[in-house]
Amino acid sequence: MEHWKRTIERANRCFMLGELIDAREAYLQALALAQVLFERWADADEAVAACVISHHNLADLHLRLNQPEESAEYLCAIHQRLLQTMQDPRLAPALREAALRQSSKTYVELLNFISDHGEYPRTHRLLLTDIASPSHQPAPLQHGVH
């Protein structure tokens, strides 16, 4: 967790300084760490939060680069990952529950993105699948944290 935190903090500093290429590289490193450790992290809530934050930061970066379709891809990727995690019986219950809790945030981020930037093919497909899924009941709207 500490290595991921240091990597995200370095990426955030680059982002704030406008060093977007360096920020992207560090965000991608953080995302790779979060994905590799996703099922192995001691704290399920931290594992899911690290993955969500990594994806959402990359989405924010691509918006700053005026690349909304890439941003949509990252937002969809994490929401879909959480939906799959929630439904995977081989995963630890704590991880599945953490994914359920965070999925309401990723859902709201997707809706906010669509409201601001319009739909893209993947957002449209994902939301249609999400609505059809009886297991996913988003929590009341909240602003995402990242």
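Our structure's up above, just so we're on the same page.
Structure report, in brief. What you are looking at is a predicted structure, and each value in this text was computed from that prediction instead of being measured.

**Notes on the overall build of the protein**
And then number 1: For the protein, the helix and strand inventory stands at 6 helices and 0 strands.
And then number 2: Reading the helices (α) and strands (β) of the protein from amino to carboxyl end gives α-α-α-α-α-α.
And then number 3: When burial is assessed residue by residue, the protein has 43% of its 146 residues classed as buried.
And then number 4: Contacts spanning at least 24 positions in sequence make up 64% of the contacts within the protein whose residues lie at least 6 apart.
And then number 5: A total accessible area of about 7,800 Å² is found for the protein, and carbon and sulfur atoms account for 54% of it.

**Quick look at the packing of aromatic side chains**
And then number 1: One pass over the full model with this rule turns up 2 aromatic pairs.
And then number 2: Note on tryptophan 4 and tryptophan 41: the rings are 6.4 Å apart at their centroids and 75° apart in plane angle, and the pair reads as edge-to-face. A residue pair is termed long-range when its members are at least 10 positions apart, and tryptophan 4 in helix α1 (residues 2–16) and tryptophan 41 in the loop between α2 (20–37) and α3 (44–64) qualify at 37 residues.
And then number 3: Given a relative accessible area of 13%, tryptophan 41 falls into the buried group.
And then number 4: The positively charged end of arginine 81 is found above the aromatic ring belonging to phenylalanine 38, 4.1 Å away from the centroid.

**Thoughts on α2**
And then number 1: Across its 18 residues, α2 extends 25 Å between first and last C-alpha, which sits within 8% of the 26 Å expected from 1.5 Å per residue.
And then number 2: Taken together, the buried positions of α2 are Leu20, Ala23, Ala26, Tyr27, Ala30, Leu31 and Ala34. The arc that holds the buried residues of α2, viewed along the axis, is 145°, so those residues lie on one side.

**What about the nonpolar core?**
And then number 1: With 39 residues, the main nonpolar core has Trp4, Tyr27, Val48, Leu61 and Leu95 as its most contacted residues.
And then number 2: If you list the elements that add at least two residues to this core, you get α1, α2, α3, α4 (68–87) and α5 (93–117).
And then number 3: Looking at this core element by element, the count peaks at 9 residues for α3.
And then number 4: Discounting chain neighbours no more than four positions away, the residues touching tyrosine 27 are Ile8, Ala11, Asn12, Phe15, Asn57, Leu58 and Leu61.

**What about the packing of α4 against α5?**
And then number 1: Between α4 and α5, the shortest axis-to-axis distance is 8 Å and the interhelical angle comes to 155°. Classified by the angle their axes make, α4 and α5 are roughly antiparallel. Crossing geometry of α4 relative to α5 is assigned as left-handed. Residue-level contacts link Pro68, Ser71, Ala72, Leu75, Cys76, Ile78, His79, Leu82, Thr85, Met86 and Gln87 of α4 to Leu95, Arg96, Ala99, Leu100, Gln102, Ser103, Thr106, Tyr107, Glu109, Leu110 and Phe113 of α5.
And then number 2: Of the residues belonging to the contact of α4 with α5, the class tally is 13 nonpolar, 7 polar and 2 charged.

Rules behind the numbers
Residues numbered from 1 in each chain as written. Predicted model: local features only at pLDDT ≥ 70, side-chain atom pairs only at ≥ 80, totals over all residues. Heavy atoms only, no water. Helix = DSSP H or I, 4+ residues; strand = E, 2+ residues; numbered from the N terminus. Buried < 20%, exposed > 50% of the residue type's maximum accessible area, 1.4 Å probe, protein only. Contact = heavy atoms within 4.5 Å. Areas by Shrake-Rupley, 256 points an atom, 1.4 Å probe, with all protein chains shown as cover. Phe/Tyr/Trp six-rings, centres within 6.5 Å; stacked < 30°, edge-to-face > 60°. Lys NZ or Arg CZ within 6 Å of the ring centre and 35° of its normal. Expected span 1.5 Å × (residues − 1). Arc of directions from axis to C-beta. Core = buried A, V, L, I, M, F, W, Y, C linked by side-chain atoms within 4.5 Å. Axes fitted to C-alpha atoms, helices over the stretch in contact; angles between N-to-C directions. Parallel < 35°, antiparallel > 145°, perpendicular 65-115°, else oblique. Left-handed = near helix turned anticlockwise from the far one by under 90°. Nonpolar A, V, L, I, M, F, W, Y, C, P; charged D, E, K, R; others polar.

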